[in-house]
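One letter stands for each residue in the lines below.
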Amino acid sequence: MANDRDSRKVRFAAVIAGEAASVPPVWLMRQAGRYIPEYRQLRAKAGSFLDLCLNPELASEATLQPIRRFDFDAAILFADILLIPFALGQELSFAEGEGPRLKPPVAAADLKRFRTRNAVERLQPVFETVARTRSALEPNKALIGFAGAPWTVATYMLAGGPSEDPALLRRRWYDERDFIDELLAILVDATVDYLSMQIEAGADAVQIFDSWASGLPEEALRAVSLEPMRAIAERLKIRRPRTPVILFPKEVGAMAEAYALMGACDAVSIDFCTPWDFARRRLSPHAVVQGGLDPLLVVKGGAAMESAARRLIATFEGVPYIFNLGHGLTPDTPPENVARLVEIVRGG
Ligand code: CP3
C-alpha cells in the first residue's frame, strides 16, 4: 500500500515531464460537476454557478470532491473559461439548460476599455481557491490550473454565448480582421497574467482549452488558435519555466502535430475523434499525449467502455501518456462508471 502511494506520488509529475509509466496517471475533464450528487448539493448552496466559482471555500470543495470520491491523480481547479470575459466587464450568466450568456456581445468600441482593465484583479478569489486547494490536497496529487484559449473565449464573447453558426465567426475573421486580432491579443495578455497567477498560487500544471478550434482552414487555424496558444505558452515558460503546459486543440485533425511541435508545449490533450495510432506515431515523439476516450463511452459503461479504455492504454504503452477523455464528462454519466474506469486504468 505504501509503495503504491509512493509510486503514485510522482506519477503525474513524472509522466508530464516525459517518463513512461506502466500505469498512466488519470484525471478526467469536467470531473467536478453535475453527475455527482455532492456537487449538485454544493451548487444549490452557492446559489448561482458564478457565485460558486468566486467563493474560494466552496470552489475548493468542488475541486476536491472528485478526488475524494475517485482518487484521481490530478485535481482541476473549479472555475470556468468565461471568467476572463466576466473580469473584462461582460455580464456573465448561466441559465439552466441554456448554457452560458455573455452580455452584451463584444464590439470594436469595447476594446479600448478592455485594454485598460486589469482583468486579473477581479479574479483574486480564483487564486485563493488555488492556494486553499493546493494546501488541502495530498502532496501526491497534482493541481491543474486552466484557461480557455483566446479563440474559444472570443467565440463566446462575440456571439454572446455558444455560437449557433461557427461559419459566422470565420466570416467575421475575414471581414473584421483587425478587430478580431486585437481581441485575441487582449485575451493572450489577460490569459498569461491569469495563468501566471494560478501558478504562483500553487497550480502544478496548466491546461489551455481550445474547444472551438474545429472547422478552420489551416491559415485561419494558425492565426486564431495556434499562434495565440504559442504566445501564451512561450510567455508562461519565460515567467514560470518549470510549470508544464497542456494544450487541448479540439478537432484540429492532423494539425495537432503543429501544436505538439511547439517547444513550449509539454502535453497535447487529444479529442475523441483523433485516431489513437496517429497520436502515438505523430504526437508522442514531440509531446506527452493525454486523453482520447469518448466521454459517451463512460455514460455507456460496461464492456464497451472497458475494451476501449484497455485499447487506449495499450496504444500508448512504452511512451508517456496521461489517461483522460476526449472532452468533458456529461451530466448524465453514472458515477459508478467513472469509478470503474479508474479501476481499469489502475489495472483492475
Ligand atoms: O471539472 C472541471 O473540469 C473543472 C471545471 C471546469 C468547468 N468548465 C466547470 C463548469 C472547466 C475546466 C470548464 C471549462 C469550460 N467551460 C470549457 C472548455 C472545455 C469544454 O467543455 O469544451 C468551456 C467551453 C466552458 C464554457 C461553459 N461553462 C459552458 C459551455 C457551460 C455550460 C454547459 C454545461 O455543461 O452546463 C459551462 C458551465 C459549467 N462549467 C458547469 C461546470 C461544472 C456547469 C454549471 C452548473 O453547475 O450548472
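Just so it is clear, the structure is predicted and the values come from calculations on it, not from any experiment. Starting from 1, residues in each chain are numbered consecutively following that chain's sequence as written. Residues qualify for local features only when their pLDDT is at least 70, as the model is predicted, and side-chain atom pairs are given and counted only at 80 or more; totals for whole chains, interfaces and linings, by contrast, use all residues. For the side-chain quantities, the full set of heavy atoms in the structure was used; hydrogens and water were omitted.

A.B. asks: Hey, could you run me through helix H17 (residues 335-345) in this one?
C.D. replies: Every α-helix winds through 3.6 residues per turn, so residues three or four apart in the chain are directed the same way. Buried within H17 are the following residues: Pro335, Asn337, Val338, Leu341, Val342, Ile344 and Val345. Looking at the residues trailing H17, positive phi occurs at Gly347, about 100°. Exposure categories follow from relative accessible area, calculated using a 1.4 Å probe and restricted to protein chains: below 20% of the type maximum is buried, above 50% is exposed, and the middle band is partly exposed. Under the scheme used here, helices are H or I runs from DSSP no shorter than 4 residues and strands are E runs no shorter than 2 residues, and both carry numbers assigned from the N terminus.

A.B. asks: What am I meant to see in the nonpolar core here?
C.D. replies: Within soluble globular proteins, side chains that are nonpolar tend to cluster in buried spots. Core analysis: the largest hydrophobic core is formed by 131 residues, its most contacted members being Phe12, Tyr194 and Phe323. Among the elements that take part in this core, helix H11 (residues 177-201) stands out by supplying twelve residues, more than any other. Here, the term nonpolar core denotes a set of buried Ala, Val, Leu, Ile, Met, Phe, Trp, Tyr and Cys residues that are joined through side-chain atoms within 4.5 Å.

A.B. asks: Can you walk me through the site of the ligand in this structure?
C.D. replies: When at least one non-hydrogen atom of a residue lies within 4 Å of a molecule or strand, that residue is treated as near it. In the vicinity of the ligand there are 20 residues, among which Arg34, Tyr39, Asp80, Ser211 and His327 approach most closely. Contact between the ligand and Gln31: an oxygen atom at 3.2 Å from a main-chain N or O atom of the residue. Two N or O atoms form a polar contact when they lie within 3.5 Å of each other; inside protein one atom must be a possible hydrogen donor and the other a possible acceptor, and for residues adjacent in sequence the pair counts only when both atoms belong to side chains. A distance of 2.6 Å separates an oxygen atom of the ligand from a polar side-chain atom of Ser211. Against a free-state accessible area of 860 Å², the protein chains account for coverage of 88% of the ligand. Gly counts as polar in this scheme, as do all residues outside two lists: the nonpolar Ala, Val, Leu, Ile, Met, Phe, Trp, Tyr, Cys and Pro, and the charged Asp, Glu, Lys and Arg. Taken together, the residues of the shell around the ligand sort by class into 13 nonpolar, three polar and four charged. For accessible areas, the Shrake-Rupley method is used with a probe of radius 1.4 Å. Any residue's cover is judged against the shown protein chains and nothing else.

A.B. asks: Can you walk me through the environment of Asp110 in this structure?
C.D. replies: Looking at the secondary structure, you find Asp110 in the loop between strand E3 (99-103) and helix H7 (111-116). As a C-alpha pair, Asp110 and Met255 span 145 residues in sequence and 33 Å in three-dimensional space.

A.B. asks: Where do I start with the confidence of the model for the chain in this structure?
C.D. replies: Keep in mind that low pLDDT regions are not for reading the predicted coordinates in detail. Averaged over all residues, the pLDDT of the chain equals 95, while 97% of them reach at least 70. Confidence per residue, as judged by the predictor, is encoded in pLDDT with a range of 0 to 100. Two residues form a contact once any of their heavy atoms are found within 4.5 Å. Segment residues 1-6: pLDDT under 50, and three contacts once partners within four positions in sequence are set aside and those in other chains are kept.

A.B. asks: Please explain the pairing of strand E7 (residues 267-270) as it appears in this structure.
C.D. replies: The two faces of a sheet get side chains in turn, since along a regular strand they alternate between them. Side-chain alternation along E7 places Ala267 and Ser269 on one buried face and Val268 and Ile270 on a second face that is also buried. Any two strands with at least two DSSP-identified bridges between them are counted as paired. Note: strand E6 (residues 245-249) against E7, two bridges, orientation parallel. In the strand pairing of E7, Leu247 is matched with Val268. Bridge analysis of E7 against strand E8 (residues 288-291) gives four bridges, and the strand direction is parallel. If you follow Ile270 over to E8, its bridge partner there is Gly291. Consider the strands pointing away from the viewer: the crossover is right-handed when the path from the first strand over the helix to the second runs clockwise. You can see the chain leave E7, run along helix H14 (residues 276-283) and come back into E8, and the turn it takes is right-handed.

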